[in-house]
Structure formats: C-alpha cells, structure tokens
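Okay, here's what each chain looks like letter by letter:
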Amino acid sequence: ASEAAKPTILVAEKLGAGGVDMLKEVGTVDCSYDLSKEDLLAKISLVDAIVIRSATKVTREVFEASKGRLKVVGRAGVGIDNVDLAAASEVGCLVVNAPTANTVAAAEHGIALLCALARNVAQADSAMKAGRWERSKWVGVSMVGKTLAIMGFGKVGSEVARRARGLGMTVVAYDPYASAEKAAALGVTIVSFDEALSRGDFFSLHMPLTPNTKGMFNDEAFGKMKKGARIVNVARGGVIDDDSLVRALDSGVVAGAALDVFEIEPPAADNPLVGRPDVICTPHLGASTKEAQEEVAYEIAEAVISALNGELTPSC
Ligand code: MLT
C-alpha cells in the first residue's frame, strides 16, 4: 500500500511489542498511553483504528468525536463492556477482541485467588510483614471435597474447572448457554442459578458484564448461599452488587472474598470492600502474565489488521 493509504492506529494502552510490530507493518502506529478523556477525544478523529485494554472507555462521545474516521476498535482482551457497541454499529465501526489468548492466565489467577482465600495467604503475609507471627489466627479451610460453583462456564470457567478438579473439588457450574455434555466430560455438573448458590462452598465468577448479569450477586443471591461461602471474582466488578457483598460479609454468609475486578477501576479510596481484612484484592491482573500479554498482542493485532482490510466479521 502507498504511504497515503496506510491506516493510522492508536494504541491507547500497553500492548506486547510483537503485536505493535505487526501493526507497524501495515500502518502508522501512535502508542499514547494514559490519555486523558480530552486527549482521546482530540486524537480520535485522526485515527482509523484504536487498540485498548480495559481502562479506556470507548463511549458514544468518542465515536461521535471520530467524525466517521474510526473504523476499528480492537480490545486486547475478552471483555468488551468498555465499548459502546450500539454507538459503534451506528457509525459502522467494527469492534474486535482477543477471545482466547488470555484464557489460561485468567483461570490461573482465579485459582491463585481461590487458594489464597482458603488459606489466608495475603492476610498472613501482611501480618508477618508487620512483625506478627499469627499461627492460630490464620487457620484456613481446605478445598479438597468442597464444592466449587463456577458461575459462567465459558472458556475461563472451563479452565478453572479443570484445575479445581485436580485439587479434589466437586465442581458444579451455572451457565444458561453451556453444554451439559461438554461439562460432564470435565467432571462438571451444570445446575440452575439457585442450585449453584445453595451448593457452593466456593464461588468463582466468569460471566461477562451485560445488562443481564449486572448486579447478579445481590442480597437475594447472597441470601441463597450457605453460611461461610467464599467468593472469587476475576470477571467484572459490576456483576457483584458491592453493598450486598458488604452486608453478606458482615452477616457471615460470605466468609471471604477475593476480588480482581471492580465496578470502578481503580476503586475509590472509600470503597467499602478494599480495606476489609476478609477481602483480598488484586488490581485487575487476571490477564497479566508475560506470556498472555504477548499472545494477546498478536491476537488483537491480527484481528485489527483483518478488520482494517475488511476481511472479517467481529470476533466478539
Ligand atoms: C479481559 O477481558 O480479557 C481482561 O479484562 C483483559 C485485560 O486485563 O485487559
């Protein structure tokens, strides 16, 4: 292609070098991270594609500011809840994602949090660093023989199930779209939402954030759980109603939670969950392994290039 026909691609969040190099082969790449909303609005009409992770919100205002030039939004990850899909389709902009490259990383982080939650790893570490040797305070619970309820049995949920079976857990899953046969092949039983709530000793959440899943874990859902349940969320903050979780923790229905994701990221300083000793937190690290980020960069670069060439239907 001639220089004039080359697309301009804005990489708005850190992307693996291999993916950036692929993009540079087809277009002019502008890597500008941590743009303010105003800077993004100013730049967007100058680019044909934008590549983002979860921090950049591609809102209707952004699509309008692009004045029809933006043709592709590439989400370097799975969740596309930070893109206004209705506005994208109104202006004829394709939205593509990287649907597979970080699956194992997210599942591994879920398992890491599950183990940390069962054995108070984070709390005991903090205590030791503060000079306290608290052996009886941080007695944990075992995972073997316990029931893990996987809420959302897609790619990540299935990988969590595989690993949890290896830990000797009974695994049930709730997912209205999952195949019972495929689940059975992994030793997992598909159950209703209510049955999952009543059976789980541990919960691991893996559903996308949609209008249907927003606030799904509310007072009513927590009210159906066994007392002393533990909950891991590496999906999206918005699927849990924070105030309901606070009440469930206060009443002892939920004995502990491990949260990697928050409705607002980073969470506000006065977020009622972050400072609690029965809640452990990580800053949206599910997809953040060196290996996954390299692969995600290739996967999204390929999808963006195909979309710019008009070769593809959106992958998400
Ligand atoms: C995802 O949806 O895949 C994750 O949020 C990825 C990320 O951390 O960007």
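Residues numbered from 1 in each chain as written. Predicted model: local features only at pLDDT ≥ 70, side-chain atom pairs only at ≥ 80, totals over all residues.

As annotated in an unreviewed UniProt entry, the chain carries the name D-3-phosphoglycerate dehydrogenase and is attributed to Micractinium conductrix. The record in UniProt for the chain states the following under Catalytic activity (unreviewed entry): "(2R)-3-phosphoglycerate + NAD(+) = 3-phosphooxypyruvate + NADH + H(+)". UniProt, in its Subunit (unreviewed entry) section for the chain, records the words "Homotetramer." (UniProt positions renumbered as here; feature names shortened; annotations may be inferred.)

A. Structural context of the domain arrangement of the chain. The domain architecture assigned to the chain consists of domain 1 (3-101 + 291-308) and domain 2 (103-281). The gap between the C-alpha centroids of domain 1 and domain 2 is 31 Å. Opposite the four residues of domain 1 that make contact, domain 2 presents six residues. For the side of domain 1 that touches domain 2, the class distribution of residues is one nonpolar, two polar and one charged. (Domains from an automatic or database assignment. Contact = placed C-beta atoms within 7 Å. Nonpolar A, V, L, I, M, F, W, Y, C, P; charged D, E, K, R; others polar.)

B. Spotlight on the site of the ligand. Taken together, Arg53, Ser54, Gly77, Val78, Gly79, Asn102, His284, Gly286 and Ala287 make up the full set of residues adjacent to the ligand. For the shell around the ligand, a count of residues per class yields two nonpolar, six polar and one charged. (Near = placed C-beta within 6 Å.)

C. Structural context of the packing of helix 1 (residues 17-26) against helix 12 (residues 290-308). Viewed as axis vectors pointing N to C, helix 1 and helix 12 meet at an angle of 20 degrees, and their least axial separation amounts to 7 Å. One finds that helix 1 runs roughly parallel with respect to helix 12. Both helix 1 and helix 12 take part in a crossing whose hand is right-handed. From helix 1, Gly18, Gly19, Val20, Met22, Leu23 and Val26 reach across to helix 12, where they touch Glu294, Ala297, Tyr298, Ile300, Ala301, Val304, Ile305 and Leu308. Along the lines of polarity and charge, the residues of the contact of helix 1 with helix 12 split into eleven nonpolar, two polar and one charged. (Axes fitted to C-alpha atoms, helices over the stretch in contact; angles between N-to-C directions. Helix = DSSP H or I, 4+ residues; strand = E, 2+ residues; numbered from the N terminus. Parallel < 35°, antiparallel > 145°, perpendicular 65-115°, else oblique. Left-handed = near helix turned anticlockwise from the far one by under 90°.)

D. Region of interest: the nonpolar core. Residues Ile50, Val51, Ala173 and Val304 are the most contacted members of the largest nonpolar core, which totals 98 residues. The leading source of residues in this core is helix 12, at ten residues. Two domains share this core, each providing at least three of its residues, namely domain 1 (3-101 + 291-308) and domain 2 (103-281). Those residues in contact with Val51 that sit more than four places away from it in its chain are Ile9, Val11, Ala12, Leu15, Gly74, Ala76, Ile300 and Val304. (Core = buried A, V, L, I, M, F, W, Y, C linked by C-beta atoms within 7 Å. Buried ≥ 20, exposed ≤ 12 C-beta atoms within 10 Å, placed from the backbone.)

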